[in-house]
Amino acid sequence: MTENGKRSFMSKKSQKRTRAVDHVQEPEPPARRDLRPRGRSRRSFLRKLWVGLGILAGAEFVGVVFAFLRPRKPPVRKTDFGGVIEAGPIDDFEPDSVTAFIRGQFYLSRLKDGGFLALSRKCTHLGCTVPWDSEGNIFLCPCHSSAFDRTGEVISPPAPRALDLHPVDIENGIVRVDTGKKIKRKSFKISQVVRP
Ligand code: FES
């Protein structure tokens, strides 16, 4: 090989090496290399954030729909059947009187001696509502003509037993009736009367 050829060979080799070196030594701009992973992680973070917010909003929506559709028990008012009803001060009820509490579904009967009975208005035969007949001084069932006196005792069948009672409580001169409880009885007894 001529010196020229050697030189040209050397120069080709050197060129290759230079290219290899050039290839290896060609670094990416540091700014771009740093930005790419951060951009990816930011996008991934935002995607996760949106997914999380979506799940949260969905759960909240389901909760609101469930709460809206759930059957709610109306609160028992002081005058409604099912709770303790404040009937009123003792002196509001004359002895030998019967007072109807329509919403409470009972009669407050004050006997001649001043004692109280809270009578259920349901007939003990088949459950019809029994009205008070103030002229005849009896409860007369419109369904099969059972009759009861002011203590709830049966005067005339087919009712098999006296009207049910609700517990009466008298405190500080106020009469309260617990319509959430019922006392079944065969007949009237003086021990059932509640006195002030
Ligand atoms: S339901 Fe009252 S007498 Fe039959």
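About the cut-offs
- Residues numbered from 1 in each chain as written.
- Predicted model: local features only at pLDDT ≥ 70, side-chain atom pairs only at ≥ 80, totals over all residues.
- Helix = DSSP H or I, 4+ residues; strand = E, 2+ residues; numbered from the N terminus.
- Buried ≥ 20, exposed ≤ 12 C-beta atoms within 10 Å, placed from the backbone.
- Contact = placed C-beta atoms within 7 Å.
- Pairing = 2+ DSSP bridges.
- Core = buried A, V, L, I, M, F, W, Y, C linked by C-beta atoms within 7 Å.
- Axes fitted to C-alpha atoms, helices over the stretch in contact; angles between N-to-C directions.

Colleague: Honestly, the overall build of the protein in this entry has me stumped. Any pointers?
Modeller: Counting its regular elements, the protein contains two helices and eleven strands. For the protein, the sequential pattern of α-helices and β-strands runs α-α-β-β-β-β-β-β-β-β-β-β-β. Here the protein holds 196 residues, and the buried ones make up 17% of them. Partitioning the intrachain contacts of the protein with sequence separation of at least 6 by distance along the chain shows that 45% fall at a separation of at least 24.

Colleague: Please explain the sheet that holds strand E7 (residues 147-148) as it appears in this structure.
Modeller: Working definition: the strands of a sheet are paired by backbone hydrogen bonds and lie parallel or antiparallel to each other. Taking strand neighbours across the sheet as the criterion, the four strands line up as E5-E6-E7-E8 in an open arrangement whose pairing is antiparallel. Strand pairing shows two members of the sheet lacking a second neighbour, strand E5 (132-133) and strand E8 (154-156), which therefore form its edges. Where E5 and strand E6 (residues 138-140) come together, two bridges link them in antiparallel fashion. Paired with Asp133 across the strands is Ile138, a residue of E6.

Colleague: Would you mind going over the pairing of strand E4 (residues 116-120) with me for this structure?
Modeller: Regular strands show a simple pattern: their side chains alternate between the two faces of the sheet. Where burial is concerned, most of E4 is hidden: five out of the five residues are buried. Burial along E4 is two-sided: Phe116, Ala118 and Ser120 facing one way and Leu117 and Leu119 facing the other are all buried. In this structure, strand E3 (residues 106-110) lies alongside E4, joined through five bridges in antiparallel fashion. Of the residues in E4, the one forming a bridge with Leu108 is Ala118.

Colleague: Just to check I follow, could you spell out the environment of Ala118 for this structure?
Modeller: On the secondary structure map, Ala118 appears in strand E4. On the neighbour-count criterion, Ala118 (27 C-beta atoms within 10 Å) is buried. Along the primary structure Ala118 and Val193 are separated by 75 residues, whereas in three dimensions their C-alpha atoms are 9.1 Å apart. Beyond its immediate stretch of four places on either side in the chain, Ala118 contacts Phe106, Leu108, Leu165, His166, Val168 and Val177.

Colleague: So what exactly am I meant to see when it comes to the nonpolar core here?
Modeller: Note on soluble globular proteins: their nonpolar side chains tend to be buried together. The biggest cluster of nonpolar side chains holds 23 residues, and the ones touching the most others in it are Phe106, Leu108, Phe116, Ala118, Leu119, Phe148 and Val177. Elements with a contribution of two residues or more to this core: strand E1 (84-89), E3, E4 and strand E11 (174-178). Looking at which element gives the most residues to this core, the answer is E4, with four residues. If we ignore the near neighbours within four places in the chain, the residues touching Phe106 are Phe101, Ala118, Leu119, Ser120, Arg121, His166, Val177 and Thr179.

Colleague: Looking at this structure, I do not really get the sheet that holds E1. What am I missing?
Modeller: Spatially, E1-E11-E10 is the arrangement adopted by the three strands of the open sheet, whose pairing is antiparallel. Lying at the two open borders of the sheet, with one neighbouring strand each, are E1 and strand E10 (168-171). Direction aside, the axes of adjacent strands within the sheet are offset by 25° on average. Note: E1 against E11, five bridges, orientation antiparallel. If you follow Val84 over to E11, its bridge partner there is Asp178.

Colleague: It is not clear to me how unusual backbone geometry should be interpreted in this structure. Could you clarify?
Modeller: Peptide bonds are trans in most cases, and residues, glycine excluded, mostly fall at negative phi. That bond from Pro157 to Pro158 is cis: its omega, 25°, falls within 30 degrees of zero. When you line up the elements, Pro158 lands in the loop between E8 and strand E9 (165-166). Positive phi outside glycine occurs at Asp96, with the angle close to 65°. Locating Asp96 in the fold gives a position in the loop between E1 and strand E2 (97-101). The residue Ser145 is not glycine, and still its phi comes out positive at about 65°.

None of the figures reported here should be taken as evidence of function without further support.
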